[in-house]
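Residue-level structural notes
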Amino acid sequence: MRVSATAAGTSEEVTIRRRPPHGIEAQACGPVDFKVALQDDRAEENQPRNILEEIVWHKAAEIDRWRDRQPLGLVLTKAKLAPAARDFIGAIKAASERTGKPGLIAEVKKASPSKGVIQPNFDAVKIAQAYEAGGAACLSVLTDSKFFQGSFENLTLIRQAGVQCPLLCKEFIVEAYQVFKARASGADAILLIAAVLPNSDMNYLIKAAASVGLQCLIEVHTVAELERMLALNSLEGCMLGINNRDLQTFKVDLANTQEIMESAAGREVTARGIVMAGESGIFTPADVAVVQSAGCGAILVGESLVKQGDPEAAVKALLEL
Ligand SMILES: O=C(O)c1ccccc1NCC(=O)[C@H](O)[C@H](O)COP(=O)(O)O
């Protein structure tokens, strides 16, 4: 089902509502978290309809708390003073030219809503170093703590450990505050999700990212979302990704990438030379071949690499290096 965006001043359709229709239950003020009784907090319309909506609603209160501890101006200053960002999209293209395989974005992922804890012996820096040694082009670092047991600190630690691969901040971004926090923490690129962000927000966040040197991975799940993204003002500094995971059912199907890339919008992506990533549910070299022959120049892989005892060998095996 598609519903109109609830964000102020927008009319484009997104599938994820940004807030419960009657306000958010959990709010923050200074050091205090408090709950506000909704008009009817058990009413169906005040319940998140899927996991992505639940995550995004939780972000609102989380960002309020961050802002109380560190005002936006300070985070922006830190973002501007951070060492220069690396070329995320360029690294994918270079790796793909070198290996003849899609450039690998290897995900540093401890847990997920669909699988629970994936890797109990989780050391973000060691996993990142192993991915790089195995031949990953770029890394994706989950920063959400509640649903993925990730952190912005992991981004900083990986960057400080001397990892050279460009880093994607895998955060559920709804505000510029998160964009600047990502750059201040050492990210080179951010994720923006089409289902969550109406066009006006998307255009604004792409500009906010570019203002601090960040590139964007814009994620879609349907042909309609891809059409909407291709019509944005500018996709400069952006690549696209097709998520194969249905966030209503958690079902993962690589056919989603194939179907979208076979559509007119998918052919436009290829014609415009935009790098497309196949995301989620990639486990074997045969899976890599499926998304590559669909037209993807990149793959984003988490679970299948992170759950193995030797992530370096896992990368080599997946890419057949
Ligand atoms: O992974 C989940 O369960 C999930 C649930 C809700 C929102 C997003 C989710 N995953 C984010 C991702 O995009 C994946 O971590 C990424 O594509 C890697 O997927 P996989 O290789 O299947 O771990």
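Residues numbered from 1 in each chain as written. Predicted model: local features only at pLDDT ≥ 70, side-chain atom pairs only at ≥ 80, totals over all residues. Heavy atoms only, no water.

**Thoughts on the overall build of the chain**
When you go through the chain residue by residue, the secondary structure sums to 13 helices and 14 strands. Taking all 321 residues of the chain together, 54% fall into the buried category. Considering only intrachain contacts with a sequence separation of at least 6, the fraction spanning at least 24 residues in the chain is 68%. (Helix = DSSP H or I, 4+ residues; strand = E, 2+ residues; numbered from the N terminus. Buried < 20%, exposed > 50% of the residue type's maximum accessible area, 1.4 Å probe, protein only. Contact = heavy atoms within 4.5 Å.)

**Comments concerning the site of the ligand**
In the vicinity of the ligand lie 19 residues, with Glu107, Lys109, Ser114, Ser280 and Gly302 positioned nearest. At a separation of 2.4 Å, an oxygen atom of the ligand approaches a polar side-chain atom of glutamate 107. Within the contact set of the ligand, an oxygen atom lies 2.7 Å away from a side-chain nitrogen or oxygen of serine 280. Against a free-state accessible area of 510 Å², the protein chains account for coverage of 98% of the ligand. Grouping the amino acids of the shell around the ligand by side-chain chemistry returns seven nonpolar, six polar and six charged. (Near = heavy atom within 4 Å. Polar contact = N/O pair within 3.5 Å; in protein donor to acceptor, adjacent residues only side chain to side chain. Areas by Shrake-Rupley, 256 points an atom, 1.4 Å probe, with all protein chains shown as cover. Nonpolar A, V, L, I, M, F, W, Y, C, P; charged D, E, K, R; others polar.)

**A look at the confidence of the model for the chain**
Taken as a whole, the chain shows an average pLDDT of 92; of its residues, 89% reach a score of 70 or greater. Long-range and interchain partners of residues 1–11, a stretch whose pLDDT sits below 50, account for 23 contacts in this model, where long-range means more than four residues apart. (pLDDT = per-residue confidence, 0-100.)

**Considerations on the pairing of strand β8 (residues 138–142)**
A large share of β8 lies buried, amounting to five of its five residues. In β8, alternate side chains face the same way, and those of Cys138, Ser140 and Leu142 on one face and Leu139 and Val141 on the other are all buried. Relative to β8, strand β5 (residues 103–108) is paired through four bridges, and the arrangement is parallel. Residue alanine 106 lies in a different strand from β8, and its bridge partner there is leucine 139. For β8 and strand β9 (residues 167–170), the ladder comprises four bridges, and the chain directions are parallel. Considered in β9, the bridge of serine 140 is made with leucine 168. Between the parallel pair β8 and β9, the chain is carried across by helix α5 (residues 152–160), and the sense of this crossover is right-handed. (Pairing = 2+ DSSP bridges. Right-handed = clockwise from strand over helix to strand, strands pointing away.)

**Section: the pattern of salt bridges**
Across all of its chains, the model carries 16 salt bridges by this definition. Across the pair arginine 67 and glutamate 175 runs a salt bridge, and its minimum N-O distance is 3.0 Å. With arginine 67 in helix α1 (residues 51–69) and glutamate 175 in the loop between β9 and α6 (176–184), the pair connects residues that are 108 residues apart, well separated along the chain. The network of salt bridges with shared partners includes Lys59, Glu62, Asp144 and Glu171. (Salt bridge = Lys/Arg side-chain N within 4 Å of Asp/Glu carboxyl O.)

**As for the sheet that holds strand β11 (residues 215–220)**
Taking strand neighbours around the barrel as the criterion, the eight strands line up as β5-β8-β9-β10-β11-β12-β13-β14 in a closed arrangement whose pairing is parallel. Across the sheet, the axes of successive neighbouring strands diverge by a mean angle of 25 degrees, strand direction being ignored. Here strand β12 (residues 238–243) pairs with strand β13 (residues 276–279) via four bridges, running parallel. For leucine 240, the partnering residue across the bridge sits in β13 and is methionine 276. (Axes fitted to C-alpha atoms, helices over the stretch in contact; angles between N-to-C directions.)

**What about the packing of helix α4 (residues 124–134) against α5?**
The interhelical angle for the contact between α4 and α5, taken along N-to-C directions, is 50 degrees, at an axis separation of 9 Å. Classed by the angle they form, the pair α4 and α5 counts as oblique. Crossing hand, α4 versus α5: right-handed. Judged by residue contacts, Ala124, Val125 and Ala128 of α4 engage Asn154, Leu157 and Ile158 from α5. In terms of residue class, the contact of α4 with α5 is made up of five nonpolar, one polar and no charged. (Parallel < 35°, antiparallel > 145°, perpendicular 65-115°, else oblique. Left-handed = near helix turned anticlockwise from the far one by under 90°.)

**Brief notes about helix α9 (residues 255–262)**
Among all positions in α9, only Asn256, Thr257, Ile260 and Met261 are buried. Considered in projection along α9, the buried side chains sweep an arc of 120 degrees and stay on one side of the axis. α9 presents Glu259 and Glu262 as exposed residues on the side facing more than 90 degrees away from its buried surface. On the buried face of α9, the contacting elements are α8 (223–230), β12, α10 (264–271), β13 and α11 (285–294). (Arc of directions from axis to C-beta.)

**Some words on the packing of aromatic side chains**
Enumeration according to the criterion identifies three aromatic pairs in this entry. When the centroid spacing of 6.3 Å and the interplanar angle of 25 degrees are considered together, the rings of tryptophan 66 and tyrosine 177 count as stacked. One end of the pair, tryptophan 66, is in helix α1; the other, tyrosine 177, is in helix α6, and 111 residues separate them in sequence. You'll find tryptophan 66 and tyrosine 177 in the same group, each marked buried. Taking 5.5 Å as the distance between ring centres and 20 degrees as the angle between the ring planes, the aromatic pair formed by phenylalanine 148 and phenylalanine 172 counts as stacked. Separated by 24 residues along the polypeptide, phenylalanine 148 in the loop between β8 and α5 and phenylalanine 172 in the loop between β9 and α6 bring together distant segments of the chain. For the pair shown, phenylalanine 148 and phenylalanine 172 are each scored as buried. In this structure, lysine 181 packs its charged tip against the face of tryptophan 66, placed 4.7 Å from the ring centre. Its end group placed over the ring of phenylalanine 152, lysine 181 keeps NZ or CZ at 4.8 Å from the ring centre. (Phe/Tyr/Trp six-rings, centres within 6.5 Å; stacked < 30°, edge-to-face > 60°. Lys NZ or Arg CZ within 6 Å of the ring centre and 35° of its normal.)

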